[in-house]
Amino acid sequence: MSSSVIVAGVGMIPFTKPGASEAYPVMAARALRGLRTAPVPLEARLPVALGFGNMIAAAALGALAALNKIDPLVPVRHLDLLFAHAHLAAVGWGLVVVV
């Protein structure tokens with residue numbers, strides 16, 4: 001009995017040991033540069049770019065919430081920062097996946 005298996009996507013993202021990959025800002029710049037030069041219409045690129053920016057904002061807000069838990073930098077309740085972080089992440093997910 002003969003069967004064939006097609007594995008798609010293998011090798012697209014090479015595995016590296018922790019700390020051996022490029023820094024996140026370098027990877028982000030490469031992703032945005034690739035998006036800018038991709039032969040894709042603007043209608044398809046815009047939600048991806050907006051979702052990417054929203055992901056960066058959600059990550060920054062999550063880091064701020066973590067730091068604010070240790071040493072209060074912003075005079076707001078911790079749960080308010082977490083709610084804002086979760087809503088930003090959900091909107092970013094919606095922009096990238098649903099749209």
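Structure shown above.
Residues numbered from 1 in each chain as written. Predicted model: local features only at pLDDT ≥ 70, side-chain atom pairs only at ≥ 80, totals over all residues. Heavy atoms only, no water.

Focus: the overall build of the protein
Here's step 1: Tallying secondary structure elements over the protein gives 3 helices and 0 strands in all.
Here's step 2: Overall, the protein shows an N-to-C arrangement of helices and strands of α-α-α.
Here's step 3: The buried share among the 99 residues of the protein stands at 11%.
Here's step 4: Taking contacts inside the protein between residues at least 6 apart in sequence as the whole, the part at least 24 apart equals 46%.
Here's step 5: For the protein, the accessible area works out to roughly 8,000 Å², and carbon and sulfur atoms hold 71% of it. (Helix = DSSP H or I, 4+ residues; strand = E, 2+ residues; numbered from the N terminus. Buried < 20%, exposed > 50% of the residue type's maximum accessible area, 1.4 Å probe, protein only. Contact = heavy atoms within 4.5 Å. Areas by Shrake-Rupley, 256 points an atom, 1.4 Å probe, with all protein chains shown as cover.)

So, the side chain of Asn 54
Here's step 1: As for its position among the elements, Asn 54 is in helix H2 (residues 42-70).
Here's step 2: Here Asn 54 falls in the buried class, since its relative accessible area comes to 12%.

Some remarks on H2
Here's step 1: End to end, H2 covers 42 Å across 29 residues, agreeing with the expected 42 Å (1.5 Å per residue, within 8%).
Here's step 2: When H2 is considered as a whole, its buried residues turn out to be Pro 47, Gly 51, Asn 54, Ala 58, Leu 61, Ala 65 and Asn 68. (Expected span 1.5 Å × (residues − 1).)

Some details on the pattern of salt bridges
Here's step 1: Across all of its chains, the model carries 1 salt bridge by this definition.
Here's step 2: Here Asp 80 and Arg 77 are joined by a salt bridge, their closest N and O atoms 3.1 Å apart.
Here's step 3: Overall, Asp 80 belongs to the partly exposed group, its relative accessible area being 35%.
Here's step 4: On the accessibility criterion, Arg 77 (53% relative accessible area) is exposed. (Salt bridge = Lys/Arg side-chain N within 4 Å of Asp/Glu carboxyl O.)

No statement about biological role is implied by the geometric values presented.
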